[in-house]
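# Structural features, examined
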Number of protein chains: 2
Amino acid sequence: MAIQAWESKAEKARERLARSVPKKWLLEKSELPSPTRLNVMGVPEESGRLTPEEIQITNSDASGLVKRMSTGEWTAEQVTIAYLKRATIGHQLLNMATEFMMEDALSQARALDDYYRQHKKVIGPLHGVPISTKEHVSHKGRPVHASYVALVENIAPDDAHLVRLLKACGAVFHLRTNEPQTMMTGDTENNLSGRTKNGNNLRLANGGSSGGEGASISFKCAAIGFGTDIGGSIRFPAAFNGCYGFRPTACRVPYGGVFLPGEGQESIRCVIGPLTRSIDDVDLVMSSVLEQRPWEKELSLVPLPWKAVKKSSDITVGVMWNDGIVNPQPPMQRALKTTVEKLIAAGVKVVDFEPYKTAEAMEIILTLFFPDGAKTQWDLLNASGEPVNEQSQRMLGIAREISVAENWAYNARRDALRDEFHDLMAQRGVDVILTAPYPGAAPLVGTVDYGAYTMLWNMLDMPALVMPVGLSVDPAIDQKNASYQPISEHDKVQFDKYNAEDTVGAPICVQVVGKHFQDEETIAAARIIEDALARSTKSAVL
Amino acid sequence: MAIQAWESKAEKARERLARSVPKKWLLEKSELPSPTRLNVMGVPEESGRLTPEEIQITNSDASGLVKRMSTGEWTAEQVTIAYLKRATIGHQLLNMATEFMMEDALSQARALDDYYRQHKKVIGPLHGVPISTKEHVSHKGRPVHASYVALVENIAPDDAHLVRLLKACGAVFHLRTNEPQTMMTGDTENNLSGRTKNGNNLRLANGGSSGGEGASISFKCAAIGFGTDIGGSIRFPAAFNGCYGFRPTACRVPYGGVFLPGEGQESIRCVIGPLTRSIDDVDLVMSSVLEQRPWEKELSLVPLPWKAVKKSSDITVGVMWNDGIVNPQPPMQRALKTTVEKLIAAGVKVVDFEPYKTAEAMEIILTLFFPDGAKTQWDLLNASGEPVNEQSQRMLGIAREISVAENWAYNARRDALRDEFHDLMAQRGVDVILTAPYPGAAPLVGTVDYGAYTMLWNMLDMPALVMPVGLSVDPAIDQKNASYQPISEHDKVQFDKYNAEDTVGAPICVQVVGKHFQDEETIAAARIIEDALARSTKSAVL
């Protein structure tokens, strides 16, 4: 069989990736984990390839790294090498990279070390912090293809605005990561570099579309990652991998230079946001970016600095136990219940929050994803002739072309629903909503098929943080109740496919959702929740 | 000839208006000015119908009114009656009302007076301030038709969000005002209540689409007016009538309940903003509204309070002498030159500001006005069969239906131009731009046909204040230079039709434009300009 044109194009991307991988740090075949081993998260530590200090470095969050670098205890080069080493192993096991940028990263790091030696201080609040970015975030002079084979040779004319700002405060960019075909699906597989895996359990979905970032941050290949989110694409991977993933309110974080075909679509804005290993790091990176007043360069942003919000337990948390369509599965119910119990024990006011018009919100957002009938995506897929995978087919299959006037009507319904939902929160006296990010923890590969728990907040343009609660799926306690009566067709599908044994060991995350533009208050509330979880763990026998 | 269906519908609107006019305050036929008199602005004073105190009241701006009411010198009822009396004469001469709301206004005013007697203080920062609103701003239970005959019986379910907020700080609503057919033209004439006139010179255009507001504020029928602006609709009437008209950055002032067919069109947002008789009143009304945190109810707004900005003469004013397509006519050139001279005399830094891509901006905004091919407008016009006037025909004639994807591409070009323009301002070190609002002062009725000087700032979403400079057209000094060589076809059209004698006595206004979201800084800069104008007038022989 002859090699098709699309395959040789795709091969170029694979070759570029292969060339960029730091060979010297790859595990030997003999060092690789057994093919039957499901959880590979411990491999870097076990491998002996990282020094104890490198393990310590990669276990540190960005805030901790900067602290140690500001005292001179660690150098930026040392930190960068530690993360590069771990990322090499991470990629070998999870296939999460699209490109390593080792030389650039090392030269950035050495320049930072020079600066530090000369000035006896760090260059900025992210001095020496290794950051990974989803592939479609532009890096000057490097290809940026959004996973389309047809665009493999498209070169970014400049760094993305956000990358420039992060560099200005000292961040080091060493790694670019994988994303799915069309960028519009909840798991990560494409014709260029294949599928990204979930290190907690290789049988499980890793999430998408910022799947490479979910793997990068949970496997500690970078201290902070940046993904994008139009329907949950930061939060699926965070939830499935067990790290923090923050979808900010739209028009706060610089988006210029994120390469996403369909530019100018504003009805549901795609946003860029961080994946981290601590809440501190969300605050750190958001304030580092916004103190640079990016709205003066990118006019679609609103001029709102990242304000300091004191965490206060004088908040009311509304628990949305379900979305009105699908009930969470046993592990997720357990996580929500545990969180609520601990919040109550910590003296935080918690009330039930009835879901509101989820189905209408879904109709609106799903229509507004593809008002051009997905012509944008189909044209690019057809341009190379690359095969269209099942999840892309399913997602693009919902597309329906509408006119500009119909689009307006949907915009108006969207705005009305945003207003209504916030009125409801005010009436109910609820400051933040606690809910699931997905019906369950990570499902089996190829079975990510329900997005309302994340999309709802894109439709409403509310800031949403996915955060781990320190629990994972345990078949001994997370069995389903065979007599359960599903509340909808969707619910039946999710219930039928749930099997505790399948998802054993998957980390469980919850989602904290705040009011529109109250990003800082949302993060402050997440701290209260995290404090409550930590305090009860220490004080109570559970 | 039989009366057509549309005519009997339109007649209903006229009857409602006629019923609402306070008959007792109408001038007798014998009191009306001579039909050959062009400037009728002095009629209220001359008529003897207003007491000296009522003249004083109607000469006061809103800030002054509130001051006098807060000491108890004037009552809200007295103020309301004074403005109603003047508005009755104003309407009689200029045909600017669509509805008087005398009884509601008087009962609001009496309630305010009761409050004042009981609490010995004003109820809020707009206590007793009579405000007029353009017809398509909703008042609960009253028709709202946006000048379409087909919608004459459309009843507003609620007050507009802005009206609710203004009422909450004490404003009194006594008057609703005229607007043109389709709302998309620069002068005010429709099939419901006809044409609104310019009291400075009845042969001149009054401007549009907030033409009723231009007449209301300049004739002192209200202390503050609210109009809307998608391409200049606040600023044309302000410029032609000689008052202040402020187009804020989009998404700052509550827009909910402004009834404009085509809801959900977001590419070029229509905004609502004030027309006033002083800069103080712009600050007063903006802060009164925004201190109520309207963004918590109307989620499309950005959460930016109206911040106090100290005026500082340490600014750089860029003078955009022309838009690159049409040169201002002699009176406007004189106004700009005079302003610049006085700014320089006052020690303010002034630099020339070359126009930038005006033609491209016009292509973008004119396309984005009607991406549905103006089907929205045509459907409503056709629904009643009302005749379509010449200016509507001309404006709708430019409409071109585009697809959603084409709309996206225009959005992207719009955003790129916004970014470029602000980069340019930063490079040139310019804080605000001083320019014309129109090639000349008010042109003859039926000849408003050039919008780039206002539309440019809608396209760029920059705050823009039109303000009088204390000059008016004087044929003795504003003659055109017959040897002038037009710089474009558009320029030739404007040059050929200019005739100083036609526009004698027309007030001349300039436009002050600030950076996106720097609404407060724009108003502060306008104060510097006004101070300079006032100071030089006092100190120099001109």
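Quick notes on the rules
Residues numbered from 1 in each chain as written. Chains lettered and ligands numbered in written order. Predicted model: local features only at pLDDT ≥ 70, side-chain atom pairs only at ≥ 80, totals over all residues. Heavy atoms only, no water. UniProt positions renumbered as here; feature names shortened; annotations may be inferred. Helix = DSSP H or I, 4+ residues; strand = E, 2+ residues; numbered from the N terminus. Buried < 20%, exposed > 50% of the residue type's maximum accessible area, 1.4 Å probe, protein only. Contact = heavy atoms within 4.5 Å. Phe/Tyr/Trp six-rings, centres within 6.5 Å; stacked < 30°, edge-to-face > 60°. Buried area = accessible area lost by both parts, 1.4 Å probe. Salt bridge = Lys/Arg side-chain N within 4 Å of Asp/Glu carboxyl O. Polar contact = N/O pair within 3.5 Å; in protein donor to acceptor, adjacent residues only side chain to side chain. Nonpolar A, V, L, I, M, F, W, Y, C, P; charged D, E, K, R; others polar. Pairing = 2+ DSSP bridges. Right-handed = clockwise from strand over helix to strand, strands pointing away. Domains from an automatic or database assignment. Arc of directions from axis to C-beta. Disulfide = S-S within 2.5 Å. pLDDT = per-residue confidence, 0-100.

The name an unreviewed UniProt entry assigns to chain A is amidase, from the organism Capronia coronata CBS 617.96. Quoted straight from UniProt, the Catalytic activity (unreviewed entry) entry for chain A says "a monocarboxylic acid amide + H2O = a monocarboxylate + NH4(+)". Database annotation for chain A, UniProt heading Sequence similarities (unreviewed entry): "Belongs to the amidase family."

Residues and elements named next belong to chain A. UniProt tags Met183, Ser209, Ile230, Gly231, Gly232 and Ser233 as "binding site: substrate" (unreviewed entry). In three dimensions, the annotated residues from a span of 51 residues occupy one location, with a maximal C-alpha spread of 11.1 Å. Within the element layout of this structure, Ser209 appears in the loop between strand 5 (194–195) and helix 8 (211–218). Exposure remark for Ser209: the relative accessible area of 1% places this residue in the buried category. Leave out the neighbours within four places in its chain, and Ser209 touches Lys134, Asn178, Glu179, Pro180, Met183, Thr185, Thr188, Thr228 and Ser233. Locating Gly232 in the fold gives a position in the loop between strand 6 (224–229) and helix 9 (235–241). Not counting residues up to four positions away in its chain, the partners in contact with Gly232 are Gly208, Pro237, Thr454 and Asn458.

On to the packing of aromatic side chains. Ring pairs (aromatic) are described by centroid distance and by the angle formed between their planes. Residue and element names in this part refer to chain B. Following the criterion strictly, the structure yields 20 aromatic pairs over all chains and no others. Here Phe240 and Tyr438 contribute two aromatic rings whose centre-to-centre distance is 5.0 Å and whose plane-to-plane angle is 80°, an arrangement assigned as edge-to-face. Of this pair, Phe240 sits in helix 9 (residues 235–241) while Tyr438 sits in the loop between strand 11 (432–435) and helix 16 (452–460); the two residues are 198 residues apart in sequence, bridging distant segments of the chain. Relative accessible area serves as the criterion here: at 0%, Phe240 is assigned to the buried category. Tyr438 gets classed as buried once you look at its relative accessible area, which sits at 2%.

If you look at the interface, chain A gives 34 residues, while chain B gives 34 residues. Taken as a group, Leu299, Val404 and Trp408 of chain A account for 27% of the area that chain A buries against chain B, more than any other trio of residues on that side. Connecting chain A to chain B are four salt bridges. Notably, a salt bridge pairs Glu266 of chain B with Arg414 of chain A, separated by 2.2 Å at the nearest N-O pair. For the interface between chain A and chain B, the tally reads 10 residue pairs in polar contact (both at pLDDT 80 or more). Looking at which element gives the most residues to the side of chain A that touches chain B, the answer is helix 15 (residues 404–428) of chain A, with 13 residues. Residue composition of the side of chain A that touches chain B, by class: 13 nonpolar, 10 polar and 11 charged.

Residues and elements named next belong to chain A. In terms of burial, strand 9 (residues 316–320) is a largely internal element, five of the five residues being buried. Of the two faces of strand 9, the one lined by Thr316, Gly318 and Met320 and the one lined by Val317 and Val319 are each fully buried. Direction of pairing for strand 9 relative to strand 10 (residues 349–352): parallel, over a ladder of four bridges. Looking at strand 10, one finds that Val317 is bridged to Val350. Note that the unit made of strand 9, helix 11 (residues 330–345) and strand 10 has a crossover that is right-handed.

Attention shifts here to the domain arrangement of chain A. Residue and element names in this part refer to chain A. Splitting chain A by domain gives domain 1 (5–296) and domain 2 (316–539). Taken over C-alpha atoms, the centre of domain 1 sits 24 Å from the centre of domain 2. Between domain 1 and domain 2, the residue contacts involve 54 residues of the former and 64 residues of the latter. Of the roughly 4900 Å² buried at the junction of domain 1 and domain 2 (both faces included), carbon and sulfur atoms supply 59%. Three residues stand out in domain 1 for area buried against domain 2, namely Arg235, Ile268 and Ile279, and they jointly supply 13% of the buried area on that side.

Three or four residues apart is the spacing at which side chains of an α-helix point the same way, because the helix has 3.6 residues per turn. Here helix 13 (residues 375–384) of chain A has its buried residues at Thr376, Gln377, Leu380, Leu381 and Ser384 of chain A. Mapping the buried residues of helix 13 of chain A onto a view down its axis gives an arc of 120°, with all of them on the same face. Residues of helix 13 of chain A that are exposed and angled more than 90 degrees away from the buried face: Asn382 and Ala383 of chain A. Lining the buried residues of helix 13 of chain A we find helix 1 (5–20) and helix 14 (390–396) of chain A together with helix 15 (404–428) of chain B. Gly385 of chain A, located one to two residues past helix 13 of chain A, shows a positive phi value of around 75°.

As a further point, take the state of the cysteines. Residue and element names in this part refer to chain A. By the definition in use, this model includes zero disulfides over all chains. Free of any disulfide, Cys243 has its nearest cysteine sulfur in Cys509, 7.0 Å distant. Here Cys243 falls in the buried class, since its relative accessible area comes to 3%.

Moving on: the pattern of salt bridges. All names here are of chain A. According to the stated counting rule, one finds 78 salt bridges over all chains in the structure shown. Note that Asp379 and Lys375 form a salt bridge whose closest N and O atoms lie 2.8 Å from each other. Here Asp379 pairs with Lys375, and both are found in helix 13, just four residues apart, close to one helical turn. Taken together, the salt bridges that share partners define one network made up of Glu99, Asp104, Glu135, Arg142 and Arg176.

The next thing to look at is the environment of Leu112 of chain A. Residues and elements named next belong to chain A. Assignment of secondary structure puts Leu112 in helix 6 (residues 102–119). It is 8.3 Å that separates the C-alpha atoms of Leu112 and Glu77, two residues lying 35 residues apart in sequence. With sequence-adjacent residues up to four places away left out, Leu112 is seen in contact with Ala76, Ile123, His127, Gly128, Gly170 and Val172.

Residues and elements named next belong to chain A. UniProt marks Lys134, Ser209 and Ser233 with the feature "active site" (unreviewed entry), using the numbering shown here. For the residues just named, distributed over 100 residues, the greatest C-alpha separation is only 10.7 Å, placing them together at one site. Within the fold, Ser233 resides in the loop between strand 6 and helix 9.

As a note on interpretation, predicted positions should not be read in detail where pLDDT is low. Residues and elements named next belong to chain A. In the predicted model, chain A carries a mean pLDDT of 97, and 98% of its residues have values of at least 70. Segment residues 537–542 is flagged for pLDDT under 50; beyond a separation of four residues in sequence, or across chains, it makes four contacts in the model. For this predicted complex, the interface confidence reaches an ipTM of 0.97, while the overall pTM sits at 0.97.

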